[in-house]
Amino acid sequence: MELFRYKKPIPLMSKAKIFFTLSLVAVLASWVLIFAKGFNYGIDFAGGTLVQVKYEGKAPIDKVREAIKKSKIFEGASVNYFGSDDEVVIKVRTSSKKLGTDIGDEARKLLANTGKFEIRRVDMVGPKVGNELREKGLMALVLAIAGILLYVSFRFEWRFAIASVLALVHDISIAMGALVLFNVEVNLDILAALLTILGYSLNDTIIVFDRIREGLTTVKSTNLADIIDESVTRTLSRTTLTSLTTFFVVLTLFLMGGEIIHGFSFTLLVGIVVGTYSSIFIASPLLMMMGFDVENYRKKLADKKRREQEKEKMRAMYEQGTV
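So, a few notes on the structure that sits alongside this text. (Residues numbered from 1 in each chain as written. Predicted model: local features only at pLDDT ≥ 70, side-chain atom pairs only at ≥ 80, totals over all residues. Heavy atoms only, no water.)

## What to know about the overall build of the protein chain
When helices and strands are counted, the protein chain shows 11 helices and six strands. Seen through its C-alpha atoms, the protein chain measures out along the principal axes to roughly 95 × 50 × 35 Å. At a minimum sequence separation of 6, the contacts of the protein chain that also span at least 24 residues come to 78%. When the accessible surface of the protein chain is split by element, carbon and sulfur atoms take 60% of a total near 18200 Å². Distance between charge centroids for the protein chain: 3 Å, based on 42 positive and 34 negative side chains. (Helix = DSSP H or I, 4+ residues; strand = E, 2+ residues; numbered from the N terminus. Contact = heavy atoms within 4.5 Å. Areas by Shrake-Rupley, 256 points an atom, 1.4 Å probe, with all protein chains shown as cover. Lys, Arg positive; Asp, Glu negative; His and termini not counted. Charge placed at Lys NZ, Arg CZ, Asp CG, Glu CD.)

Have a look at this one:
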């Protein structure tokens, strides 16, 4: 803990414009990628068929491709290694008319002469179901952000709420841009990772905002930048240690968890880094940009405290029978 303990406030807000500009460029670049290239939707969202095959020894991928070409069901299929050279995955976009066929049996017949193998997984999703899942996934993200906006507005103040939501939009935008840039297949696991990023980033932002709110009443300065610097510096050790711990756990999953959770762990890695960064360098500076008034806030707190004291005094007088 001593390694990350700071005796003097770090002047982070003096560089706020630089950080904000860099983040704005990253967000814009992410959206350009999303609209120009688009997501690599997996079977969950695009619909289709996936067959995972494990061989005894190295998979003869060329023979598999030749065998697959003989079937109309697997017409236009892609065949690639899956995590290691003894497993292959066959993916094909299929229509709902073909879903009545036993895809597993069909694959066994086609691959009978390619060596000893076992069918480990068969997934089939119709186009309509894929579209429905995609729409519901988008709705889940929108509702999560709306709920966060209401929660932070109730717990803090509307400027805090807007700042936290904009920081979340920043995090999700960059995470989605990374998915497009590295051509990560977007499926339900990725959606779960994006929702996890929302929760993780919000948790970091709320802790920073709690410190800032505390600083508004304890720090003598009326300069918001000074208050934010001191408040963020106080919580920097906690943020650093928590983020590093989480990062190394997810990095282990990314390196050793296998191909199935590769996309999920990659998305979380990006989200942890960007979420920690935005809690300090995006959410906090946004309070200054929205014209948060320290003196006005302290006046409101003083008025609220005075009203509570008056109510308490009136209640005591009523209980004593003097009113």
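## Some thoughts on the packing of aromatic side chains
Summed over the entire model, instances satisfying the criterion amount to 10 aromatic pairs. In this structure an aromatic cluster arises from ring pairing among Phe19, Tyr277 and Phe281. (Phe/Tyr/Trp six-rings, centres within 6.5 Å; stacked < 30°, edge-to-face > 60°.)

## Considerations on helix α7 (residues 188-218)
Compared with the 45 Å implied by 1.5 Å per residue over 31 residues, the 45 Å span of α7 between its first and last C-alpha is a close match. Taking the backbone nitrogen of Asp189 as reference, a side-chain oxygen 3.1 Å away marks Asn187 as the first, capping residue of α7. (Expected span 1.5 Å × (residues − 1). Polar contact = N/O pair within 3.5 Å; in protein donor to acceptor, adjacent residues only side chain to side chain.)

## Describing helix α4 (residues 103-110)
Among all positions of α4, only Ile103, Gly104, Ala107 and Leu110 are buried. For α4, the angular spread of buried residues about the axis comes to 130 degrees, placing them on one side. Against the buried residues of α4 lie β2 (48-55), α3 (61-68) and β5 (117-125). (Buried < 20%, exposed > 50% of the residue type's maximum accessible area, 1.4 Å probe, protein only. Arc of directions from axis to C-beta.)

## Details of the sheet that holds β5
Strands sit in the order β3-β4-β2-β5 across an open sheet of four strands; the sheet is antiparallel. If you trace the sheet from one side to the other, it starts and ends with β3 (78-82) and β5, each paired once. Within this sheet the neighbouring strands show an average axis-to-axis angle of 20 degrees, counted without direction. With five bridges joining them, β3 and strand β4 (residues 84-92) adopt antiparallel strand pairing. Across the sheet, Val79 pairs through a bridge with Ile90, a residue of β4. Across the sheet, α3 is in contact with β2, β3 and β4; its angle to β3 comes to roughly 150 degrees. Together, β2 and β5 form the strand contacts of α4, whose direction differs from that of β5 by roughly 140 degrees. (Pairing = 2+ DSSP bridges. Axes fitted to C-alpha atoms, helices over the stretch in contact; angles between N-to-C directions.)

## Here we look at the environment of Thr252
Here Thr252 lies in helix α8 (residues 224-256). Relative accessible area serves as the criterion here: at 41%, Thr252 is assigned to the partly exposed category. Taking the C-alpha atoms as reference, Thr252 lies 8.9 Å from Ser265; in sequence the two are 13 residues apart.

## Considerations on the packing of α7 against α8
The geometry of α7 relative to α8 is characterised by a closest axis approach of 8 Å and an angle of 145 degrees between their N-to-C directions. Between α7 and α8 lies a crossing whose hand is right-handed. Taken together, the residues of α8 that come into contact with α7 (itself represented by Tyr200, Asn203, Asp204, Ile207, Val208, Arg211, Ile212, Glu214, Gly215, Leu216 and Thr218) are Leu224, Ile227, Ile228, Ser231, Val232, Arg234, Thr235, Arg238, Thr239, Thr242, Ser243 and Thr246. Residue classes in the contact of α7 with α8 are distributed as nine nonpolar, nine polar and five charged. (Left-handed = near helix turned anticlockwise from the far one by under 90°. Nonpolar A, V, L, I, M, F, W, Y, C, P; charged D, E, K, R; others polar.)

## Remarks on the packing of α7 against helix α9 (residues 262-281)
Contact pair α7 / α9: the axes reach a minimum separation of 9 Å and the direction vectors enclose 20 degrees. As the angle between them shows, α7 and α9 are arranged roughly parallel. With respect to the hand of their crossing, α7 and α9 are arranged in right-handed fashion. Between α7 and α9, the contacting residues are Asp189, Ile190, Ala192, Ala193, Leu194, Thr196, Ile197, Tyr200, Ser201, Asp204, Thr205 and Val208 on the first element and Gly263, Phe264, Thr267, Leu268, Gly271, Ile272, Gly275, Thr276, Ser278 and Ser279 on the second. Tallied by class, the residues present in the contact of α7 with α9 amount to 10 nonpolar, 10 polar and two charged. (Parallel < 35°, antiparallel > 145°, perpendicular 65-115°, else oblique.)

## With respect to the pattern of salt bridges
With the rule as written, the count across this model stands at seven salt bridges. Of the charged contacts in the structure, one is a salt bridge between Arg238 and Asp204, with a shortest N-O distance of 2.9 Å. Residue Arg238 is found in helix α8, and its partner Asp204 is found in helix α7; the two are separated by 34 residues along the sequence. Given the relative accessible area of 27%, Arg238 is considered partly exposed. Under the relative-accessibility criterion, Asp204 is labelled buried at 1%. (Salt bridge = Lys/Arg side-chain N within 4 Å of Asp/Glu carboxyl O.)

## Some points on the nonpolar core
Counting 60 residues, the largest nonpolar core has Val152, Phe160, Leu194, Phe209 and Leu216 as the members making the most contacts within it. Mapped by element, the contributors of at least two residues to this core are α1 (16-36), α5 (127-155), α6 (158-181), α7, α8, α9, α10 (283-289) and α11 (294-320). In contact with Phe160, other than residues within four places in its own chain, are Val152, Phe209, Ile212, Leu216, Leu287 and Phe292. Residues Tyr55, Ala67, Val92 and Leu110 belong to the second largest nonpolar core, which totals 19 residues. (Core = buried A, V, L, I, M, F, W, Y, C linked by side-chain atoms within 4.5 Å.)

## Digging into a nonpolar patch on the surface
A surface patch of nonpolar side chains, amounting to about 410 Å² of accessible area, comprises Leu138, Met139, Val142 and Leu143. Relative to the helices and strands, Leu138 is located in helix α5. (Patch = residues over 30% accessible without salt bridge, like charges linked within 9 Å, V, L, I, M, F, W, Y side chains within 5 Å.)

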